[in-house]
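A look at the structure
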Amino acid sequence: MLELAKEQIAMGQTAADKAEALRLLADRLVTDGLVADGYLQGLQAREAQGSTFLGQGIAIPHGTPQTRDLVYATGVRLLQFPEGVDWGDGQMVYLAIGIAARSDEHLRLLQLLTRALGETDLAEALRRASSAEALLKLLQGAPQALALDAQLVGLNLPAEDFDELAWRGARLLQRADCVDSGFAAVLQQAEPLPLGEGLWWLHSERQVRQPGLAFVTPQQPLRYRDQPLNGLFCLASLGAAHQALLERLCEVLIEGRGQTLYQATSSRAVLEVLGGEAPPDWPCARVVLANPHGLHARPAKVLAQLAKAFEGDIRVRLADSAQPAVSVKSLSKLLSLGARRGQVLELLAEPAVAADALPALLAAIEQGLGEEVEPLPQGTSAEPEAAPEVVQAPPAGSRIQGVGAAPGIASGPAHVCVEREFDYPLRGESCTQERQKLRDALAVVSSELQALVQRSDKAIGEIFVTHQEMLADPALTDDVEQRLAQGESAAAAWMAVIEAAARQQEALHDALLAERAADLRDVGRRVLAQLCGVQAQVEPEQPYVLVMTEVGPSDVARLDPGRVAGIVTAQGGATAHSAIVARALGIPAVVGAGTAILLLQSGTPLLLDGQRGTVSVAPPADELQRALAERDQREQRLQAAWASRFEPAVTRDGHAVEVFANIGESTGIAKVVDQGAEGVGLLRTELIFMAHPQAPDVATQEAEYRRVLDGLDGRPLVVRTLDVGGDKPLPYWPIAAEENPFLGVRGVRLTLQRPHVMEDQLRALLRAADQRPLRIMFPMVGQVHEWREARAMVERLRAEIPVADLQLGIMVEVPSAALLAPQLAREVDFFSIGTNDLTQYTLAIDRGHPSLSAQADGLHPAVLSLIDMTVRAAHAHGKWVGVCGELAADPQAVAVLLGLDVDELSVAARSIAEVKALVRQADHQTARALAREALQQDSAAAVRALVERY
Ligand code: PEP
Ligand code: MG
């Protein structure tokens, strides 16, 4: 990535001429390891083809295609020549920017520079700049202008209240690339400002990429805070970009002309009042840019020259982008487009010159503007993509290797659930006919739902009852009716209303309402399928194997464990949500089986082994029989395990480990104890937070924690402080967008930045403890100082709220924590190893990655080594170690973890009996030998094969 930084700048250079300046630059690029020797010839050759003088005292020397192989790393180096260097034709250069780039990356640089190039007397300022910082500031140029164009104006939008209107404004800003997706949430928290005449103003500086203003008006008269709501401005604020607009708006309001805005019938009218970028109503033409390196300086120069031959105004923009059209005659403006090969340029010309100018410019662009161009493939408007791989359904008799996500063997017909695309007309035949179609569809779906209610158990039946209520909601049908009256088809009207309602629910940022949004879409699609004459897939009568892309938490609510024998997903890994959920429900599951599985015909017999991670398609009878016999044996084993679930987990040679439960809610603790838990090894408190519509206060939290401690009746409780960020967002706690949230402000880093949140939580925990054994641990600790800061906070509060039996520890989820275990072990009371994240960070595989997460196996010897180091360090200081990641419940991993001398295993409550039984079958000394051998293996697969042999 090409970015400008002060370290790249060398000030006060001198060069007698251009040749010497190029030599200096090449030396610098070579010394800094960006290019190989010989790049100078590239710079010289490029200048020979045409000067790289850009204007405003800047030149951008770069290599030729022939010298691209000499580039080791993309980068730039800048030399300031205060005395100037003649770059030919009397053009003086005060700043030479040497570029090392293999492809069209320098377009990005040009884009960065062009804001500065618009400044009138930059050359002189560059010459005089006395420091690298000052020079950089000059290059970064003028502040970004406020975006305000037709796509940011939304008139007569269907909105039921202020929040929905604000949400619509935020959407416009997001679509125009002004803000990130979290902006809508941020805006909901901003304080609305009444401007008079029913106009309102909302603004925020958070999640803003470029300043922009959206103006939205509601379709029907609305009121807000006892005042009319005729229109709403939503500002994505950055610097002072909106100053001029604000002044103009004040004038409009002082003159009492507010209605020219909210009564406007076209975006053009609004933009004329506000002085925004009204698209000229000129003839236009589009062309795909085919130049291999996009519209870089040379072709742009040619285009600008050509355009200058015409008298009138000619502009160009990237089609379908948020950027306004710029003058084709300005080289710097052309470069600011950053146009790449494959992108579509839209040219607009004043009517007086359009007939001549547009065909001439179009032809020149098609011919490459002086460069050789390879034609783009027919019909493309983007870089040609690699031909898609042809995926076919796996044939009968084949066996697919996925990832074992929930143990158990299951067989049954496949029930493939893939979301379908529906085609439907936007306009209807007649209002009466469309109304009738919709009524018929609603009646059919309603009776389908009734059948589902009767067939399902209470909890799942309730979901379908809610769906029935949604269908009968008069607010929905009224809205649909309005649309039908305007000539929309039943399908279009229905889906528009469903989508608007679902979005409205989502905009409220309440976990429960967000689920309702999923429900609305679900039932909406059922009706749509009916309207489009598509038969809904019939759920097989006998237990079936559910095949899906990925099973999300909302799908799970609908799963009936009595009917779903097994789950196979195309994507995901062992620590993906679908896997965790399947384990909690006790349904055998294989995840990450690949997309081909989605092409299976529903009804194809499947056999899956959730332990080994295999799926057999239409297996031969003998294989099926063997597997079913194994399943029966397993069931017997599980029954026996269940019967002795309250017995301690002690190996045959007398080594005891504790088996605890992982939980995420305070209710149901009695059931967890009844499943054999000797304590709770991981209370994921963020799940408790998520179950509340807003951050629970100290008293609410205390009640939650107290409930768990009461239920545990003297057994230990290990609580993890709030673990938010990365894959765990908290709807009412917006976190600034980050390029890479998994490596960003998350876990303890985040709570240390917001100490009042952590203090509230710790206070609630200490108050709830009384005399009971409470262990507190901090998530995602990667540095010793993080642990110390967190501990200090507890110590401070402890002076205020005494607790009798408290231990403090950390989760080991980041490799650095394991590597620092010897230092940390001196200070902590315990470690709990979160193998889900530890595996993710050790193997550099996103645990939710659709295709890679299957390889994120905690039995990888690299992860085992880190566990080994942690345990050794802890034991050397007399501290205990637990494992609370999913690995602890993996039957193949139990013996290995035992052998690594882990003291506690914390698993989903459903797995407790089985894990205890596995411990009882094991021999500690043998397990230790197994673990030593496992550490010597070179892959997770080799470790698994080793375990099978033991
Ligand atoms: C882990 O990372 O292993 C862990 C237990 O925490 P979570 O799965 O909640 O990130
Ligand atoms: Mg974790």
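From a predicted model like this one, the values you see are computed outputs, not experimental measurements.

**Considering the overall build of the chain**
Looking only at helices and strands, the chain has 35 helices and 33 strands in total. Here the C-alpha radius of gyration of the chain, 33 Å, is about what a compact globule of 950 residues would show, namely 30 Å. Taken along the three principal axes of its C-alpha coordinates, the chain extends 90 × 75 × 65 Å. Across the 950 residues in the chain, those meeting the buried criterion constitute 53%. Of the contacts formed within the chain by residues at least 6 apart in sequence, a portion of 70% connects residues at least 24 apart.

**Observations regarding the packing of aromatic side chains**
Scanning the entire structure with this criterion turns up seven aromatic pairs. Pairing phenylalanine 830 with tryptophan 880 gives two aromatic rings, centres 4.6 Å apart and planes at 5 degrees, and the pair type is stacked. Within this pair, whereas phenylalanine 830 is found in strand 31 (residues 830–833), its partner tryptophan 880 is found in strand 32 (residues 880–883), the two being separated by 50 residues in sequence. No difference in accessibility class separates phenylalanine 830 from tryptophan 880, as the two residues are buried. An aromatic cluster is defined as three or more aromatic residues linked by ring pairs; in this entry it consists of Phe162, Trp200 and Tyr224. Positioned over the ring face of tryptophan 642 is arginine 645, at 3.7 Å from the centre of the ring.

**A word on the coordination of the magnesium ion (ligand 2)**
In ideal tetrahedral geometry, four donors around a metal make angles of 109.5 degrees, whereas ideal octahedral geometry with six donors gives angles of 90 or 180 degrees. Coordination of the magnesium ion (ligand 2) by the protein involves Glu813 (OE) and Asp837 (OD), with metal-donor separations of 2.0 Å. In this pair, glutamate 813 is assigned in the loop between strand 30 (806–812) and helix 28 (815–819) and aspartate 837 in helix 30 (residues 835–843), connecting sequence segments 24 residues apart. Comparing glutamate 813 with aspartate 837 shows no difference in burial state: the two are buried.

**Description of the side chain of aspartate 609**
Within the fold, aspartate 609 resides in strand 23 (residues 605–609). Excluding residues that lie within four positions of it along the chain, aspartate 609 makes contacts with Gly408, Ile409, Val590, Thr614 and Glu630.

**Here we look at the packing of helix 26 (residues 755–769) against helix 27 (residues 784–800)**
In the contact formed by helix 26 and helix 27, the axes pass within 10 Å of each other and the chain directions differ by 50 degrees. Relative to helix 27, the element helix 26 is oriented oblique. Here the hand of the crossing between helix 26 and helix 27 comes out right-handed. Along its contact with helix 26, which presents Pro755, Met758, Glu759, Leu762, Arg763 and Leu766, the element helix 27 presents Ala790, Met793, Val794, Arg796, Leu797, Arg798 and Glu800. Classifying every residue of the contact of helix 26 with helix 27 gives eight nonpolar, no polar and five charged.

**As for the sheet that holds strand 12 (residues 231–236)**
Reading across from one edge, 6-9-12-8-7 is the order of the five strands in this open sheet, with mixed pairing throughout. Where the open sheet ends on each side, the last strands, each with one partner, are strand 6 (153–157) and strand 7 (193–196). When the angles between neighbouring strand axes are averaged without regard to direction, this sheet yields 20 degrees. Pairing of strand 7 with strand 8 (residues 199–204), which is carried by three bridges, proceeds in the antiparallel orientation. Considered in strand 8, the bridge of glycine 196 is made with leucine 199. On the sheet, helix 6 (residues 162–175) packs against strand 6, strand 8, strand 9 (212–218) and strand 12 and is oriented at approximately 140 degrees with respect to strand 9.

**Some remarks on the packing of helix 30 against helix 31 (residues 861–876)**
Two elements in contact, helix 30 and helix 31, have axes separated by 10 Å at closest approach and are oriented at 120 degrees. When the interaxial angle is binned, helix 30 and helix 31 end up oblique. Where helix 30 crosses over helix 31, the two elements pack in a sense that is right-handed. Side by side, helix 30 and helix 31 meet where Thr835, Leu838, Thr839 and Thr842 of the first sit next to Ala862, Val863, Leu866 and Ile867 of the second. Class assignment for the residues of the contact of helix 30 with helix 31 results in five nonpolar, three polar and no charged.

**Here's the deal with the site of ligand 1**
What surrounds ligand 1 is a group of 13 residues, the closest being Arg684, Lys728, Gly834, Asn836 and Arg847. The separation between an oxygen atom of ligand 1 and a polar side-chain atom of glutamate 813 is 3.0 Å. One of the backbone nitrogen or oxygen atoms of threonine 835 is found 3.1 Å away from an oxygen atom of ligand 1. Burial of ligand 1 by the surrounding chains reaches 99%, relative to a free accessible area of 290 Å². Looking at the shell around ligand 1, the element that brings in the most residues is helix 30, giving three residues. Residue classes in the shell around ligand 1 are distributed as three nonpolar, four polar and six charged.

**Some words on the pattern of salt bridges**
Enumeration over the complete set of coordinates arrives at 43 salt bridges. Of the charged contacts in the structure, one is a salt bridge between arginine 317 and glutamate 346, with a shortest N-O distance of 3.0 Å. One end of the pair, arginine 317, is in strand 14 (residues 314–318); the other, glutamate 346, is in strand 16 (residues 344–349), and 29 residues separate them in sequence. With a relative accessible area of 10%, glutamate 346 lands in the buried category. One continuous salt-bridge network, built from bridges that share partners, spans Glu702, Arg706, Asp710, Asp770 and Arg772.

**Here we look at the pairing of strand 20 (residues 544–548)**
Within a regular strand, side chains alternate between the sheet's two faces. Most of strand 20 is tucked away, with five of its five residues classed as buried. Neither face of strand 20 is exposed, since Tyr544, Leu546 and Met548 on one face and Val545 and Val547 on the opposite face are all buried. The pairing of strand 19 (residues 409–417) with strand 20 spans four bridges and is classified as parallel. Residue pairing for strand 20: cysteine 417 is matched across the bridge by methionine 548. Sheet topology note: the strand 20/strand 21 (residues 564–569) ladder contains five bridges and is parallel. Along strand 21, the bridge assignment pairs methionine 548 with threonine 569.

**A few points about the side chain of glutamate 759**
Take glutamate 759: it is sitting in helix 26. You can call glutamate 759 buried: its relative accessible area is 18%. With near-sequence residues (within four places) excluded, glutamate 759 lies in contact with Met793, Arg796 and Leu797.

**A closer look at the confidence of the model for the chain**
Mean pLDDT over the chain stands at 86; residues scoring 70 or higher make up 90%. Across residues 381–389, where pLDDT falls below 50, the model places eight contacts with residues more than four positions away in sequence or in other chains.

**Examining the sheet that holds strand 18 (residues 403–406)**
What holds strands together in a sheet is hydrogen bonding between their backbones, with the strands either parallel or antiparallel. Read from one edge to the other, the open sheet built from eight strands follows the order 17-24-23-19-20-21-22-18, with strand pairing classed as mixed. A single partner strand is all that each edge strand has here, and the edge strands are strand 17 (399–401) and strand 18. For this sheet, the mean angle separating the axes of adjacent strands, direction not counted, is 30 degrees.

**Concerning the pairing of strand 32**
In strand 32, alternate side chains face the same way, and those of Trp880 and Gly882 on one face and Val881 and Val883 on the other are all buried. As paired strands, strand 31 and strand 32 are joined by four bridges and run parallel to one another. Bridge pairing in strand 32 links phenylalanine 830 to tryptophan 880. Assessed by its sense of winding, the connection that carries the chain from strand 32 through helix 32 (residues 891–899) to strand 33 (residues 904–908) is right-handed.

**Some points on unusual backbone geometry**
Unusually for a residue other than glycine, asparagine 156 sits at a positive phi of about 55 degrees. Looking at the element boundaries, asparagine 156 is found in strand 6. Using a relative accessible area of 44% as the deciding quantity, one classes asparagine 156 as partly exposed. Despite not being glycine, aspartate 226 shows a phi value in the positive range, around 65 degrees. Along the chain, aspartate 226 turns up in the loop between strand 10 (222–224) and strand 11 (227–229).

**Some details on the environment of alanine 582**
Tracing the chain through its elements places alanine 582 in helix 20 (residues 577–585). Owing to a relative accessible area of 1%, alanine 582 belongs among the buried residues under this scheme. Separated by 286 residues in sequence, alanine 582 and aspartate 868 have C-alpha atoms that sit 29 Å apart.

How each quantity is defined
Residues numbered from 1 in each chain as written. Chains lettered and ligands numbered in written order. Predicted model: local features only at pLDDT ≥ 70, side-chain atom pairs only at ≥ 80, totals over all residues. Heavy atoms only, no water. Helix = DSSP H or I, 4+ residues; strand = E, 2+ residues; numbered from the N terminus. Rg over C-alpha atoms; globule rule 2.2 N^0.38 Å. Buried < 20%, exposed > 50% of the residue type's maximum accessible area, 1.4 Å probe, protein only. Contact = heavy atoms within 4.5 Å. Phe/Tyr/Trp six-rings, centres within 6.5 Å; stacked < 30°, edge-to-face > 60°. Lys NZ or Arg CZ within 6 Å of the ring centre and 35° of its normal. Donors = N, O, S within 2.8 Å, 3.2 Å for Na, K, Ca; no water. Axes fitted to C-alpha atoms, helices over the stretch in contact; angles between N-to-C directions. Parallel < 35°, antiparallel > 145°, perpendicular 65-115°, else oblique. Left-handed = near helix turned anticlockwise from the far one by under 90°. Nonpolar A, V, L, I, M, F, W, Y, C, P; charged D, E, K, R; others polar. Pairing = 2+ DSSP bridges. Near = heavy atom within 4 Å. Polar contact = N/O pair within 3.5 Å; in protein donor to acceptor, adjacent residues only side chain to side chain. Areas by Shrake-Rupley, 256 points an atom, 1.4 Å probe, with all protein chains shown as cover. Salt bridge = Lys/Arg side-chain N within 4 Å of Asp/Glu carboxyl O. pLDDT = per-residue confidence, 0-100. Right-handed = clockwise from strand over helix to strand, strands pointing away.

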